[in-house]
Structures are given as structure tokens and as C-alpha cells.
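One letter stands for each residue in the lines below.
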Amino acid sequence: MTLSPARVPATGVRRLTTTLYGYAFLDDFVLLYPVYALLFADTGMSLWQISSLFALWSITAVVLEVPSGAWADAVSRRRLLWIGPLLTAVGFALWVAVPSYWAFAAGFVLWGAGGALGSGALEALVYDELDRLGATGRYARTMGRARAARLLGTVASIGLAGPVLARGGYAAVGAASVLACVLTAVTATRLPEHRARPENADGDSWATTLRAGLAEVRRDRTVRGALLLVPAVAAVWGALDEYTPLLVRDLGVAETTVPYLIMLIWAGVTVGSLLTGPAERLGTAGLAALLAGAALALAVGAAARSPAGIALVSLAFAGFQLAEVLADVRLQHRIDESRRATLTSVASLGTELATVATFGVYALLGTDLAHSTVFAVLAVPYLVTALALARARAATARP
């Protein structure tokens, strides 16, 4: 039977999205996530050593983020997406096979490298495949659902980590994490890729791609604005997420209640991911209103210092997650296919650096202020971003 022209794109989109959602779920279905800090401590690592491991992880991501994005524009993006999880699998295997400071350090370098290979490459591959199928209008909804799949993978790993650890110890948790990484790599090989790639005849091709991408940012104001919007939206709430358990514990609730309130926040983030399709119609003014509303919900919710306030924080995080995906959509619509992964990685680098800066600001403010106050103060950057978007919208509307 011959498929109709309308049927072929639908089949292609379904294959892409189904594989993508499986990849996203498995990529975050890592049972080591909630317990690796315990593994380090039980191995005898000091707090300083554990902190240095986290710093090494971040440094690896920062150093490799942009070069790996440029590389993804010069070679097969799908290839990088299956190599990355395998590097992470080797790192996890080291952690449980020879637990020691240097094994943990090597594991974080491999994990950071694996994550950098996929950053930028995944968004670029999905957008270009949808473009080939004439379905770029589905990009926001597709990436929102992919992020929801990641969140479900994380939640599932948190739920299973305890029972697996109780039965088999760190070895079992590590083995399950390695298996998840291998399955992620296998799933990545099933992602479609039809992009016409340049011949990688010389070793400097990725550097050439990087220079061309940065030149586009300097030349085109709309690209520059879309690129800067990504870290402006993603960094602060991404950093605050790490401190939500401290915010919740300061409410005075029972320790056993803390995980349930954290799950409430995660539920809000998941809902935000799933709303990206309809929300793409918001436009610049709508995005500004969304950020302003989420910022107010964050400030009021944190200052309330009550479970009801945590519900408002959850609502705020839903708005920030939604805005983050929409910011990525704006960027993808404005950049050229040949430099898509490069500039997406530049945006991710900006997010990493801004997140690290937010950690520093939080530590500085948190020395003298309560967590609820710090959360409220850090809502201000979102009001500033919303104001900047509103002014930009007004400037373009002015004759």
C-alpha cells in the first residue's frame, strides 16, 4: 500500500517523538542520582572533597559545552547522542568498582563530557528533523513533552533507588545506572537523522563552525537577543531548585513531609513542560507577562513560609519551566541549520555560567537572610527580564 503525502510526515514525526521521549526518560532514569553524595560520604570523602568533585563536574561542562556544540554541527549529531551516555556509563562503573576520590573525579569528568556531547546536539537534531517533515510548529510541544519525560525518569529513579540500595547496596544501584546509560545509547541510535553533513576533511572544521556561529550572533541582533534570553530565563530558577529542600525544611514541617512538598514542586515543573505547545502563541508580550507572574508567585510563595506558599512556588517553577522551553523555541527559529547546535551550546554555556553566579549570590545572601527571603530576592531578575521583553515589544511595535 502506498502512503499518502500527509501520512508520511505523520509517521516520521511519530517515530521521532516516540524515540525522543524514550531517550529523554532513560537519560534521567539513573538510580545513582539521589544517593551518589551518600556514596562519596560513605567512602570517606570530606565535605571539601565532595564540593571539589561537584566543582570539577561543572568545570568540565563549561569547558566542553561550546566545542562539543560546534562539533555536533560538523559531524553526526546522532553519533554524539549515543557516545555521550556510554561515557557516563564508564564513569558510573568506576564509581562502584573502585570507589575512591580519583575514581569519582574521573567519573564526573566522563559524566560532564557525556552531557556536553548531547547538549545542543539533541535540540538541533529534533528541530531539523521536524523542519524536514514540515512540522517545526510542533517543536515547542515536542521538547516540552521530552522535558516532562526526563522529569518522570528522575522521579522514577528516586522512587526505586531506596529499595534497590536496601537490597543490593551501591553495587546494585550502580549496575542499574550503567544499564540505563547503555539503554539510552541504544535508543539514541534509533533517532532519525537526515541532515546533509559537511565533509569533515580537516580537524579544524568544528572551530570554523564555531567562528561562523559567533559571527552570526554579532551580526544579527535578533539572534543575539534570543540567545541571551535563554540563560536569563533558565539560570536562576535552575539554581534555586537545588535549595528547595532547605526552603521546605525551614517551614517547620516534619522531616517525612519534606519529600511530599518537593514532589509538589516537581509536579508543577512537569505541568509547565506539558503546556509548551499551546503557550507558543503567547508572543513576546505574553512571555513577559508569564515571567512577571511567575516571579510574583515565587516571591509571595517563598515569603509566605507555609505549605500553601510552596504551592505558589510550584506554580512559579511551572511558569519558569514553560518560559525556558519557549526561550529555546525562539532561539531555534532564529538560527541557521548549519550552526544550530553551536549556538544552542553557546546559550547553554551562558546558562551554566549564570547558574554558578546564582549559587554565589545565594551563598552571599544566605549568610544573613532566611531561605525564604533569598528566594523572594532572586525573583527580582525575572521581573527585570520581563520588563526588558516588554520594552523590546513596545519598541518593535512603535512606527
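Our structure is the block above this text.
Calculation criteria
Residues numbered from 1 in each chain as written. Predicted model: local features only at pLDDT ≥ 70, side-chain atom pairs only at ≥ 80, totals over all residues. Heavy atoms only, no water. Helix = DSSP H or I, 4+ residues; strand = E, 2+ residues; numbered from the N terminus. Contact = heavy atoms within 4.5 Å. Areas by Shrake-Rupley, 256 points an atom, 1.4 Å probe, with all protein chains shown as cover. Buried < 20%, exposed > 50% of the residue type's maximum accessible area, 1.4 Å probe, protein only. Phe/Tyr/Trp six-rings, centres within 6.5 Å; stacked < 30°, edge-to-face > 60°. Core = buried A, V, L, I, M, F, W, Y, C linked by side-chain atoms within 4.5 Å. Salt bridge = Lys/Arg side-chain N within 4 Å of Asp/Glu carboxyl O. Expected span 1.5 Å × (residues − 1). Polar contact = N/O pair within 3.5 Å; in protein donor to acceptor, adjacent residues only side chain to side chain. Axes fitted to C-alpha atoms, helices over the stretch in contact; angles between N-to-C directions. Parallel < 35°, antiparallel > 145°, perpendicular 65-115°, else oblique. Left-handed = near helix turned anticlockwise from the far one by under 90°. Nonpolar A, V, L, I, M, F, W, Y, C, P; charged D, E, K, R; others polar.

### So, the overall build of the protein
Next up, step 1: If you tally the helices and strands in the protein, you get 17 helices and 0 strands.
Next up, step 2: Considering only residue pairs separated by 6 or more positions, the protein has 83% of its internal contacts joining residues 24 or more positions apart.
Next up, step 3: Accessible area of the protein: about 17,900 Å², with a carbon and sulfur share of 65%.

### Details of the environment of alanine 311
Next up, step 1: Within the fold, alanine 311 resides in helix α14 (residues 307–334).
Next up, step 2: Among the residues examined, alanine 311 registers a relative accessible area of 37% and is labelled partly exposed.
Next up, step 3: Linking alanine 311 and alanine 297, residues 14 residues apart in sequence, is a C-alpha distance of 9.2 Å.

### Points about the side chain of threonine 385
Next up, step 1: Summarising the element assignment, threonine 385 is placed in helix α17 (residues 380–397).
Next up, step 2: Judged by relative accessible area, which is 13%, threonine 385 ranks as buried.
Next up, step 3: If sequence neighbours within four positions are ignored, threonine 385 has contacts with Leu229, Ala232 and Leu291.

### Quick word on the packing of aromatic side chains
Next up, step 1: Per the counting criterion, the structure on display carries 26 aromatic pairs.
Next up, step 2: Ring geometry for phenylalanine 108 and tryptophan 111: centres 5.9 Å apart, planes at 5 degrees, overall stacked. Taken together, the residues span about one helical turn, with phenylalanine 108 and tryptophan 111 both in helix α5 (residues 101–118) at a distance of 3 residues. Both residues of the pair, phenylalanine 108 and tryptophan 111, belong to the buried class.
Next up, step 3: Centroid distance tryptophan 237 to phenylalanine 317: 5.4 Å. Interplanar angle 70 degrees. Geometry classified as edge-to-face. Pair noted here: tryptophan 237 is in helix α9 (residues 221–240) and phenylalanine 317 is in helix α14, with a separation of 80 residues, a long-range link.

### Quick notes on the nonpolar core
Next up, step 1: Of all hydrophobic cores here, the largest spans 53 residues; its most connected members are Leu240, Leu291, Leu298, Phe317, Phe320 and Phe375.
Next up, step 2: For this core, the elements supplying multiple residues, two or more each, are α9, α10 (244–249), α11 (258–274), α13 (283–304), α14, α15 (340–366), α16 (371–377) and α17.
Next up, step 3: Sort the elements by how many residues they give to this core and α14 lands first, with 10 residues.
Next up, step 4: For phenylalanine 375, the contacting residues outside a window of four places in its chain are Leu240, Tyr243, Thr244, Leu247, Leu298, Ala302, Phe317 and Tyr362.

### Here we look at the pattern of salt bridges
Next up, step 1: Under the counting rule described, the total for this entry stands at 5 salt bridges.
Next up, step 2: Among the salt bridges present, the one from arginine 150 reaches aspartate 27, with a minimum N-O distance of 2.8 Å. Of this pair, arginine 150 sits in helix α7 (residues 139–188) while aspartate 27 is found in helix α1 (residues 7–27), placing the two residues 123 residues apart along the sequence.

### Here we look at helix α4 (residues 77–97)
Next up, step 1: In this model α4 runs 31 Å from its N-terminal to its C-terminal C-alpha over 21 residues, within 8% of the 30 Å that 1.5 Å per residue would give.
Next up, step 2: Taken together, the buried positions of α4 are Arg77, Leu80, Leu81, Gly84, Pro85, Thr88, Ala89, Gly91, Phe92 and Trp95.
Next up, step 3: Of the residues flanking the start of α4, the one acting as N-cap is serine 76, its side-chain oxygen 3.4 Å from the backbone nitrogen of arginine 78.

### Observations regarding the packing of α13 against α14
Next up, step 1: The contact between α13 and α14 brings their axes to 8 Å, and the two run at 155 degrees. It follows from the interaxial angle that α13 and α14 lie roughly antiparallel. In this structure, α13 crosses over α14, and the sense of that crossing is left-handed.
Next up, step 2: By residue class, the composition of the contact of α13 with α14 is 19 nonpolar, 5 polar and 1 charged.

### Some points on the environment of leucine 39
Next up, step 1: With respect to the helices and strands, leucine 39 occurs in helix α2 (residues 36–42).
Next up, step 2: Leucine 39 gets classed as buried once you look at its relative accessible area, which sits at 5%.
Next up, step 3: For the pair leucine 39 and proline 99, spaced 60 residues apart in sequence, the C-alpha separation works out to 8.4 Å.
Next up, step 4: When sequence neighbours within four positions are dropped, the list of residues in contact with leucine 39 reads Trp95, Phe104 and Tyr170.

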